[in-house]
Amino acid sequence: MANIVVEVTLSALQYQTLYSGQAKNVVAHSLDGRKVQLPLSAFRRFVTHGGIDGVFDVEFDDQHKLVAITRMR
């Protein structure tokens, strides 16, 4: 298993635009500078009235498949 820590900030309008079907993925930057593409649907439970704003621990399996996302702050 591998983990990466990413920061995601999307306003409510940005999230709504993406969620409405214009995009299925979000590109986030890890705290160590890497770019990672993640399914937008994986962040659904973290959406507030203001959108998504936080630092997340993203866990992948050995085949680089998403296993879990946990909000750190």
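Up top you'll find the structure we're talking about.
This report concerns the structure included in the present document. Within every chain, residues take consecutive numbers counted from 1 along the sequence as written. This being a predicted model, a pLDDT of at least 70 is required before a residue's local features are given, and a value of 80 or more before pairs of side-chain atoms are given or counted; all residues contribute to the totals for chains, interfaces and linings. Just so you know, side-chain values use all the structure's heavy atoms and leave hydrogens and water out.

## Notes on the environment of Asp61
Thinking step 1. Inspection of the secondary structure assignment puts Asp61 in the loop between β4 (51-60) and β5 (66-71).
Thinking step 2. Spatially, the C-alpha atoms of Asp61 and His49 are 32 Å apart, while their sequence positions differ by twelve residues.
Thinking step 3. Polar contacts, as counted here, are pairs of nitrogen or oxygen atoms within 3.5 Å of one another; within protein the pair requires one atom able to donate a hydrogen and one able to accept it, and residues that are adjacent in sequence qualify only if both atoms are side-chain atoms. Of note is the side chain of Asp61, whose polar atom sits 2.9 Å from the backbone nitrogen of Lys65. Helix numbers and strand numbers start at the N terminus; a helix is a DSSP run of H or I with at least 4 residues, a strand a run of E with at least 2.

## Topic: unusual backbone geometry
Thinking step 1. The backbone of His64 sits at a positive phi, close to 65°, despite the residue not being glycine.
Thinking step 2. By the secondary structure assignment, His64 is in the loop between β4 and β5.
Thinking step 3. Note on exposure labels: buried denotes an accessible area under 20% of the residue type's maximum, exposed denotes more than 50%, and partly exposed covers the range between, all computed with a 1.4 Å probe on protein chains only. Judged by its relative accessible area of 67%, His64 falls in the exposed class.

## Re the sheet that holds strand β3 (residues 35-39)
Thinking step 1. For two strands to pair, DSSP has to find at least two bridges joining them. Pairing is antiparallel across the open sheet formed by five strands, whose spatial order is β3-β2-β1-β4-β5. Each edge of the sheet is formed by a strand with only one pairing partner; in this case those strands are β3 and β5. Neighbour to neighbour, the strand axes of the sheet diverge by 40° on average, direction disregarded.
Thinking step 2. Bridge count between strand β1 (residues 2-11) and β4: ten bridges; the pairing is antiparallel. Paired with Val5 across the two strands is Asp57, which belongs to β4.
Thinking step 3. Here helix α1 (residues 12-22) sits on the sheet in contact with β1 and β4, set at roughly 105° to β1. Whenever a helix is involved, its axis is fitted only over the stretch in contact; in every case the axis is a line through C-alpha atoms, and angles between N-to-C directions fall within 0 to 180 degrees. By definition, residues are in contact when any of their heavy atoms lie within 4.5 Å.

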